[in-house]
Amino acid sequence: MKKISLRTMLKKQSGTISAVKVGGDLGRRIREMGLVPGTTVSVIGRAPLNDPVSLRVMGFNLTLRNSEADYIEVEVN
Amino acid sequence: MSMAIDVALAGNPNSGKTTLFNKLTGARQHVGNYPGVTVEKKEGRCRHNNTTLTITDLPGTYSLTAFTEEEVVARDFLINTKPRVVNITDASNLERNLYLTLQLLEIEVPVIIALNMIDVAKQRGIQIDAKELSRQLGVPVVPIIARSGQGNAELLDEAIKNAENKQGPAISLSYGEDIDLALNEMEVVIKENQVMTGTYPARWIALKYLENDQQIIDKCKSENSLSDEQLQKIAARVEKHLQATLGTTPEAIIADYRYGYIKSLLHNKIITHQYDPNRLYVSDKIDTVMTSRIVGPMIMLAILFGLYKFTFTFSEVPIGWFESFFSFLSDSANILLPDGYLKSLIVSGIIGGVGGVLGFVPIIAFMFFGIAVLEDSGYLARVAYMMDRILRVFGLHGSSVMSYIVSGGIAGGCAVPGVMAARTLRSKNERLATILTTPFMNCGAKLPVLALLIAAFFETGQSQMMFALTLIAWLGAVLVAKFLRMTIVKGESTPFVMELPPYRMPTLQGLLIHTWERTWQYVKKAGTVILAISVLIWTMMTFPELPAHQKQTFENQRQELLASYPSSVHNEVEKGGATQQLSPEALQLYGALRSIDNMEAEKALKNSVAGRLGTSLEVVSKYAGFDWRTNIALVGGFAAKEIIISTLGTAYSLGEVDTENTGSLAKTLAKAPGWNKVVGLALILFVMFYAPCFVTVVCIAKETGSWKWGLFSMAFNTFFASTIAITVYQVGTMLYGIQ
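Residues numbered from 1 in each chain as written. Chains lettered and ligands numbered in written order. Predicted model: local features only at pLDDT ≥ 70, side-chain atom pairs only at ≥ 80, totals over all residues. Heavy atoms only, no water.

Asks: Just to check I follow, could you spell out the overall build of chain A for this structure?
Replies: Secondary structure summary: chain A contains two helices and six strands in total. Written out in order from the N terminus, the α and β elements of chain A read β-β-α-β-β-β-α-β. At 11 Å, chain A has a C-alpha radius of gyration in line with the 11 Å of a compact globule built from 77 residues. Projected onto its principal axes, the C-alpha coordinates of chain A cover approximately 30 × 30 × 20 Å. If you take every contact in chain A between residues at least 6 apart in sequence, the share linking residues at least 24 apart comes to 57%. Working note: accessible area of chain A is about 2800 Å², and carbon and sulfur atoms make up 49% of it. (Helix = DSSP H or I, 4+ residues; strand = E, 2+ residues; numbered from the N terminus. Rg over C-alpha atoms; globule rule 2.2 N^0.38 Å. Contact = heavy atoms within 4.5 Å. Areas by Shrake-Rupley, 256 points an atom, 1.4 Å probe, with all protein chains shown as cover.)

Asks: Which parts of the structure should I look at to understand helix H16 (residues 361-377) of chain B?
Replies: The periodicity of an α-helix, 3.6 residues per turn, causes residues three or four places apart in sequence to face the same way. All names here are of chain B. The first and last C-alpha atoms of H16 sit 24 Å apart over 17 residues, in line with the 24 Å expected at 1.5 Å per residue. Counting buried residues in H16 gives twelve out of 17 residues, a clear majority hidden from the surface. Here H16 has its buried residues at Val361, Pro362, Ile363, Ile364, Ala365, Met367, Phe368, Gly370, Ile371, Ala372, Leu374 and Ser377. Positive phi appears at glycine 378, one or two residues downstream of H16, with a value of about 100°. (Expected span 1.5 Å × (residues − 1). Buried < 20%, exposed > 50% of the residue type's maximum accessible area, 1.4 Å probe, protein only.)

Asks: How do you make sense of the sheet that holds strand S4 (residues 53-57) of chain A when you look at a structure like this?
Replies: Pairing between the strands of a sheet is mediated by backbone hydrogen bonds and can be parallel or antiparallel. The seven strands are arranged S1(A)-S6(A)-S2(A)-S3(A)-S4(A)-S5(A)-S10(B) in an open sheet whose pairing can be described as antiparallel. Strands with a single pairing partner mark the edges of an open sheet, and in this sheet they are strand S1 (2-5) of chain A together with strand S10 (498-499) of chain B. In this structure, strand S5 (residues 60-64) of chain A lies alongside S10(B), joined through two bridges in antiparallel fashion. Its bridge partner being in S10(B), Leu62(A) is matched across the sheet by Glu499(B). (Pairing = 2+ DSSP bridges.)

Asks: Could you clarify how one ought to interpret the packing of helix H26 (residues 584-607) of chain B against helix H27 (residues 609-616) of chain B in this entry?
Replies: The relative placement of two packed helices comes down to the angle between their axes together with the axis-to-axis distance. Residues and elements named next belong to chain B. Axis separation between H26 and H27 bottoms out at 4 Å; the angle between their running directions is 70°. Between H26 and H27, the crossing angle belongs to the class labelled roughly perpendicular. Here Leu605, Lys606 and Asn607 of H26 come into contact with H27, specifically with Val609, Gly611, Arg612 and Thr615. (Axes fitted to C-alpha atoms, helices over the stretch in contact; angles between N-to-C directions. Parallel < 35°, antiparallel > 145°, perpendicular 65-115°, else oblique.)

Asks: Would you mind showing me how to read the packing of H26(B) against helix H30 (residues 643-651) of chain B here?
Replies: Residues and elements named next belong to chain B. H30 packs onto H26 with a crossing angle of 110° between their chain directions and a minimal axis gap of 7 Å. Here H30 runs roughly perpendicular to H26, going by the angle between their axes. In this structure, H26 uses Asn598, Ala601, Glu602 and Leu605 to contact H30, whose residues at the interface are Thr647, Thr650 and Ala651. A class-by-class count of the residues in the contact of H26 with H30 yields three nonpolar, three polar and one charged. (Nonpolar A, V, L, I, M, F, W, Y, C, P; charged D, E, K, R; others polar.)

Asks: How should I be thinking about the interface of chain A and chain B in this particular structure?
Replies: Size of an interface, as often reported, equals the accessible area lost when the parts are brought together. Across the boundary between the two partners, chain A contributes 36 residues, which contact 42 residues of chain B. Here chain A packs against chain B, burying approximately 3500 Å² in sum over the two surfaces, 54% of which is carbon and sulfur. Interface area lost by chain A to chain B is led by Glu32(A), Pro48(A) and Arg65(A), which between them contribute 21%. At the boundary of chain A with chain B, the tally comes to five salt bridges. (Buried area = accessible area lost by both parts, 1.4 Å probe. Salt bridge = Lys/Arg side-chain N within 4 Å of Asp/Glu carboxyl O.)

Asks: Where do I start with the sheet that holds strand S3 (residues 40-48) of chain B in this structure?
Replies: Residues and elements named next belong to chain B. Spatial strand order, S2-S3-S4-S1-S5-S6-S8: seven strands in an open sheet with mixed pairing. Of all the strands in the sheet, the pair left with one neighbour each is strand S2 (29-33) and strand S8 (141-143). Looking at each pair of strands side by side, their axes are set apart by 25° on average, direction ignored. Alignment of strand S1 (residues 3-11) against strand S4 (residues 51-57), held across seven bridges, turns out to be parallel. Of the residues in S4, the one forming a bridge with aspartate 6 is threonine 54. Against the sheet, helix H1 (residues 17-25) engages S1, S2, S3, S4 and strand S5 (84-90), with an angle of about 45° to S3.

Asks: What am I meant to see in the nonpolar core here?
Replies: Here is a general trend for soluble globular proteins: nonpolar side chains tend to be buried in one another's company. All names here are of chain B. In this structure, Tyr522, Phe626, Leu669, Trp675, Ile684 and Phe694 are the most contacted members of the largest nonpolar core, which totals 111 residues. The element contributing the most residues to this core is helix H32 (residues 677-689), with ten residues. Contacts of phenylalanine 626, omitting those with residues within four sequence positions, involve Glu618, Ser621, Asn631, Leu634, Val679, Ala682, Leu683, Phe686 and Ala725. (Core = buried A, V, L, I, M, F, W, Y, C linked by side-chain atoms within 4.5 Å.)

Asks: It is not clear to me how unusual backbone geometry should be interpreted in this structure. Could you clarify?
Replies: Here the bond from Asp51(A) into Pro52(A) is cis, since omega is -5°, no more than 30 degrees from zero. Residue position: Pro52(A) is located in the loop between strand S3 (40-46) and S4. With an omega of -10°, the peptide bond running from Phe543(B) to Pro544(B) counts as cis. One can find Pro544(B) in the loop between helix H23 (508-542) and helix H24 (548-563). Despite not being glycine, Gln194(B) has its phi angle at roughly 50°, a positive value.

Asks: Please clarify how H27(B) should be interpreted in this entry.
Replies: Listed as buried for H27(B) are Ala610(B), Gly611(B) and Gly614(B). The buried residues of H27(B) occupy an angular sector of 100° when the element is viewed end-on, so they sit on one face. (Arc of directions from axis to C-beta.)

Asks: Help me understand the confidence of the model for chain B in this model?
Replies: For any part of a model where pLDDT is low, the fine detail of the predicted coordinates should not be relied upon. Residue and element names in this part refer to chain B. Summing up the model confidence of chain B, the mean pLDDT is 88 and the portion of residues at 70 or higher is 97%. Across chain B, the element-wise mean pLDDT spans from 76 in helix H25 (residues 567-576) up to 97 in S8. For this predicted complex, the interface confidence reaches an ipTM of 0.96, while the overall pTM sits at 0.84. (pLDDT = per-residue confidence, 0-100.)

Asks: Teacher, can you tell me more about a nonpolar patch on the surface here?
Replies: A cluster of nonpolar side chains, Val289(B), Ile294(B), Val295(B) and Met298(B), forms an exposed patch at the surface whose accessible area comes to about 390 Å². Of note, Ile294(B) is situated in the loop between helix H12 (282-290) and helix H13 (295-314). (Patch = residues over 30% accessible without salt bridge, like charges linked within 9 Å, V, L, I, M, F, W, Y side chains within 5 Å.)

Below you can see the structure in the form of structure tokens.
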């Protein structure tokens, strides 16, 4: 188990969120979409220019920018 | 006995809320705005078991904080109206959907949960025990399939049951020891001082203080500033403590605990997954093609081009009907009414104005239909996903591309539907920047003007020139967007975090209702203003009339001319005009009369308010090489860009020039004194970038909810265009030494 930033996750890799290190508007948006500690995420793909990234979270798909993914720390195998 | 109750539909975006609303209310809907904000208010009626239900479709939100207009509107509506709340949730995605449910329960409104798309959930191997969910949350839970109507009757049964009960069950979540203790302490303060307790539950107010919810804090402060101070103090203490011990904020912890509660609730016998929830669905397989690196963008270009073609090709036919209807009307008015101002007002001002309003209707209807297909199918989110990386650089949003395309990003669109297409953007700043820059695109009305100037001054390589102008329009739009986002529309880029909903087949009913609503709104909201401005512009270009002695001079010329021909020729001209085979003499007389008319029209135009304006603008416009004739044409172009052509025609004594046939005008301009390639280029760029036509200005004002932005776009764009035109003219003249 090691902790990495969501940005550095590879396609098809999954892990469990361990921390969301941002507040304010962005933090609120991230949390209300279910990206909170304990949630499992996996990377479904990336946009043609490698950014944003698309994720599978709790059975639905979500996309966010790499710069936003930076704040999310994920525990992976 | 018959009774009436209020029902509100609340739910996440993409949960099928609008589908349910359409299914329940059919065409009995009314769309308006919530006071003071641009958020749409949709209301409809439905009858069930002798009860009339007034159903309000609240804006789709993921949460009930006070950080977006939609959420504030939804929250205020629930508090003020005290409706029965149908919380529609996506059964295949329950965990996230229940996040809003918890917040609804916290404000203690009577909630009925509709488990929508229960069929999709089943397909995905998700089993939900609705009874157990209902038991644990203490509210009714009804599985439904909104699209087919299955379960809707049971849902309405529940909505009607105990309708007199305006209070939901109290739910009290634990947010961990630190926050729970603070909440208890605050609750005591709130209850003792009765701070807003008539409106909100006390514990909820306390929670809002910890979440730093400015709307509620301000309300409480104005009601009781003393207890507000006490509450703020407690909130600050908890915040400081959590920051020191856990390095996080109360708001984050509250969100974490809400999701924690949902997870343990669902995993406790309510939900079972037959398959791995992370396995790929059909939708994901489609996406591996639709959003792939090379093929994805190509498909996107094809689809956007298709939207454009669909909008502007299919709307041609109904536009043709409108045009023939209005030309029939003005022909009839021409025949029936005596010559004079009344006739001119009715033909040019009113019929022209109403025709102008309605002329856009088919385009708007087709555009909204096309966009509704993209939106409801889920593709629009993919466009935003793929375009975001590029448009973000300019402070825009991935979805901005749609507005640009529709308004002429592929030369020949229209800025009116382009401005309206920006409704799909949820982020405020990005949306405003898009609305303000989308009129820079080369719309269908600018095209004949550009074509005329290209034909007059850039005879070789006309199509390359047109292509270059399209690129210049894009470049201008994104650069100005960047400039605006750095200055006037400043602010952090809105978080992109966005759901990629699964691909779904849109329902025809949904598409038609959506299209009809939007189109009708345009007619209703913009129509009246546009008619008024159209009459105003007519007045400006007509009055004051030529002084009597000048009119007399032209009349004398006509009489002199007529006197030099025999009466047989007069008759011939009067009867046939230029349409029949005329004798050479008659043709000559006809031509000479026309040129006197045209000269009079030129004089009259120069004498009118618009003409005087054009003349006085020469002070500035001479630096761009434009004389009064060009200026009047540009003033006229504010009514509609293609009017530049007919006004230039009048100003050059050519009479009315048809936009389809501008050859003679192009030749006149090419030879006219004061015109050359540099002036031509300066004017082309000016026409591309100056004030949008007033229909667009009205739409900008309506869409942004403020006339300020409509006026801003007129002033700013004209200033921007002048700067470009003057620079081009001055530099060009210096380089080529043309004077």
